[in-house]
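Listed below are the residues making up each chain.
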Amino acid sequence: MGLAKRIIPCLDVKDGETVKGVNFVSLRSAGDPVELGKAYSQAGADELAFLDITASFEGRKTFTEMVGRVAREINIPFTVGGGVNELQDVERLLYAGADKVSMNSAALRRPELIEETARRFGSQVCVVAIDARMDDDGHWLCYLKGGRERTDHDLFEWAHEAQERGAGEILFTSMNHDGVKQGYANSALARLADTLSIPVIASGGAGSKEHFRDAFLLGHADAALAASVFHFGEIPIPELKKYLQSEGINVRL
């Protein structure tokens, strides 16, 4: 059956609390990150992601102390991102308790950071997050600073370059689909998954259990990340995993 598919709740954190929005705006509170992280670990999540969503925009470091508090409460792999600009940031987050570090804006600006991270800590530590939006011409372009600034980077070309430079995983968020709960960007996901040799994590669009199924079966994703459907109790993780198993998808129960 191959490797088990992973379910990853994501804590988007702003000013010390978990928030969730639609298309990267209209944020609302979703609770305490430490308590949510602990609950997801106990509920059977395969990994946990923690993204300080305004760190790059505000030009500050990820809230390291909060990372440590979450790490102490969970026993699953922990990916942390936001405001990672140099190797020292990666090191600081790993010492705080992260297992992997996600980089987005800094990697686009200075791709050598991917190589430096992989060389120092191993590719498995380096997750390259890509926020991309499909324009009216059908092109997927990458964005910086939490979706605030468009670049000329093509999604697929950049993902391939990130892999070549040593990224261990690609976390692809479709800005068109984020928070809308109409399903993941499965055609773009499948194109990424079929052309890369590293795992691809789907992000943006989960609204039902069927959407997770489709991300795996149609999008060929290795993992599916979601936020609001978990934070607001719409889809319990144990229920989701049993459903996926019933659909023939290999998950850890």
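Everything below is about the structure printed above this text.
Now for a description of the structure that goes with this document.

Rules behind the numbers
- Residues numbered from 1 in each chain as written.
- Predicted model: local features only at pLDDT ≥ 70, side-chain atom pairs only at ≥ 80, totals over all residues.
- Heavy atoms only, no water.
- Helix = DSSP H or I, 4+ residues; strand = E, 2+ residues; numbered from the N terminus.
- Contact = heavy atoms within 4.5 Å.
- Salt bridge = Lys/Arg side-chain N within 4 Å of Asp/Glu carboxyl O.
- Buried < 20%, exposed > 50% of the residue type's maximum accessible area, 1.4 Å probe, protein only.
- Axes fitted to C-alpha atoms, helices over the stretch in contact; angles between N-to-C directions.
- Left-handed = near helix turned anticlockwise from the far one by under 90°.
- Nonpolar A, V, L, I, M, F, W, Y, C, P; charged D, E, K, R; others polar.
- Pairing = 2+ DSSP bridges.
- Core = buried A, V, L, I, M, F, W, Y, C linked by side-chain atoms within 4.5 Å.
- Right-handed = clockwise from strand over helix to strand, strands pointing away.

Describing the environment of Ala71
Phase 1 of the analysis: Position of Ala71 among the secondary structure elements: in helix 3 (residues 64-73).
Phase 2 of the analysis: Separated by 28 residues in sequence, Ala71 and Asp99 have C-alpha atoms that sit 9.3 Å apart.
Phase 3 of the analysis: Setting aside its immediate chain neighbours within four residues, Ala71 contacts Phe78, Ala96 and Gly97.

What about the pattern of salt bridges?
When charged atoms on two side chains of opposite charge get close, those side chains can pair.
Phase 1 of the analysis: What the rule picks out here adds up to 16 salt bridges.
Phase 2 of the analysis: Measuring nitrogen to oxygen at the nearest pair gives 2.9 Å for the salt bridge that ties Asp46 to Lys241. Linking Asp46 in the loop between helix 1 (33-43) and strand 4 (48-52) with Lys241 in helix 11 (residues 237-246), this pair joins segments that are 195 residues apart in sequence.
Phase 3 of the analysis: Between Glu234 and Lys181 there is a salt bridge; the shortest N-O distance is 2.8 Å. With Glu234 in the loop between helix 10 (228-231) and helix 11 and Lys181 in the loop between strand 10 (169-174) and helix 8 (186-195), this pair connects stretches of sequence that are 53 residues apart.
Phase 4 of the analysis: Using a relative accessible area of 25% as the deciding quantity, one classes Lys181 as partly exposed.
Phase 5 of the analysis: Overlapping salt bridges bring together Arg6, Glu47, Lys100 and Glu169 as one network.

A word on the side chain of Lys241
Phase 1 of the analysis: For Lys241, a relative accessible area of 3% gives the class buried.
Phase 2 of the analysis: Aside from chain neighbours lying at most four places away, what touches Lys241 is Ile7, Gly44, Asp46, Val251, Arg252 and Leu253.

Digging into the packing of helix 7 (residues 155-165) against helix 8
Phase 1 of the analysis: For the pair helix 7 and helix 8, interaxial distance at closest approach is 10 Å and the crossing angle is 35°. Of the two possible hands of crossing, helix 7 and helix 8 adopt the one that is right-handed. Taking contact as the criterion, the partners of Leu155, Phe156 and Ala159 in helix 7 are, on helix 8, Ala188, Arg191 and Leu192.
Phase 2 of the analysis: Residues that form the contact of helix 7 with helix 8 fall into these classes: 5 nonpolar, no polar and 1 charged.

Thoughts on the pairing of strand 4
Phase 1 of the analysis: Most of strand 4 sits out of view: 5 of its 5 residues are buried.
Phase 2 of the analysis: Every second residue of strand 4 is oriented toward a common face, with Leu48, Phe50 and Asp52 on one face and Ala49 and Leu51 on the other, all of them buried.
Phase 3 of the analysis: Note that strand 1 (residues 6-14) and strand 4 share 4 bridges and pair parallel. From the neighbouring strand, Asp12 faces strand 4, where its bridge partner is Leu51.
Phase 4 of the analysis: Pairing between strand 4 and strand 5 (residues 78-81): 4 bridges, direction parallel. Note on strand 5: the bridge partner recorded for Leu48 is Phe78.

Considerations on the nonpolar core
Phase 1 of the analysis: Within the largest apolar cluster, 72 residues are counted, with the highest numbers of intra-cluster contacts made by Val128, Phe172 and Phe212.
Phase 2 of the analysis: A per-element tally of this core places helix 7 first, with 5 residues.
Phase 3 of the analysis: In this structure, Val128 is in contact with Met103, Ile114, Trp158, Ala162, Ala167, Glu169, Ile170 and Leu171, ignoring residues within four places of it in sequence.
Phase 4 of the analysis: Of all hydrophobic cores here, the second largest spans 10 residues; its members include Ile8, Cys10, Ala49 and Ala129.

Digging into the pairing of strand 6 (residues 100-103)
Phase 1 of the analysis: A two-sided burial pattern is seen for strand 6, the buried positions comprising Lys100 and Ser102 on one face and Val101 and Met103 on the other.
Phase 2 of the analysis: Strand direction decides the pairing type here: strand 5 and strand 6, joined by 3 bridges, are parallel. Across the sheet, the residue bridging to Gly81 is Ser102, located in strand 6.
Phase 3 of the analysis: For the segment spanning strand 5, helix 4 (residues 87-96) and strand 6, crossover handedness is right-handed.
Phase 4 of the analysis: Pairing of strand 6 with strand 7 (residues 126-134) involves 3 bridges; the strand directions are parallel. Among the inter-strand pairings, Ser102 is bridged to a residue of strand 7, identified as Val127.

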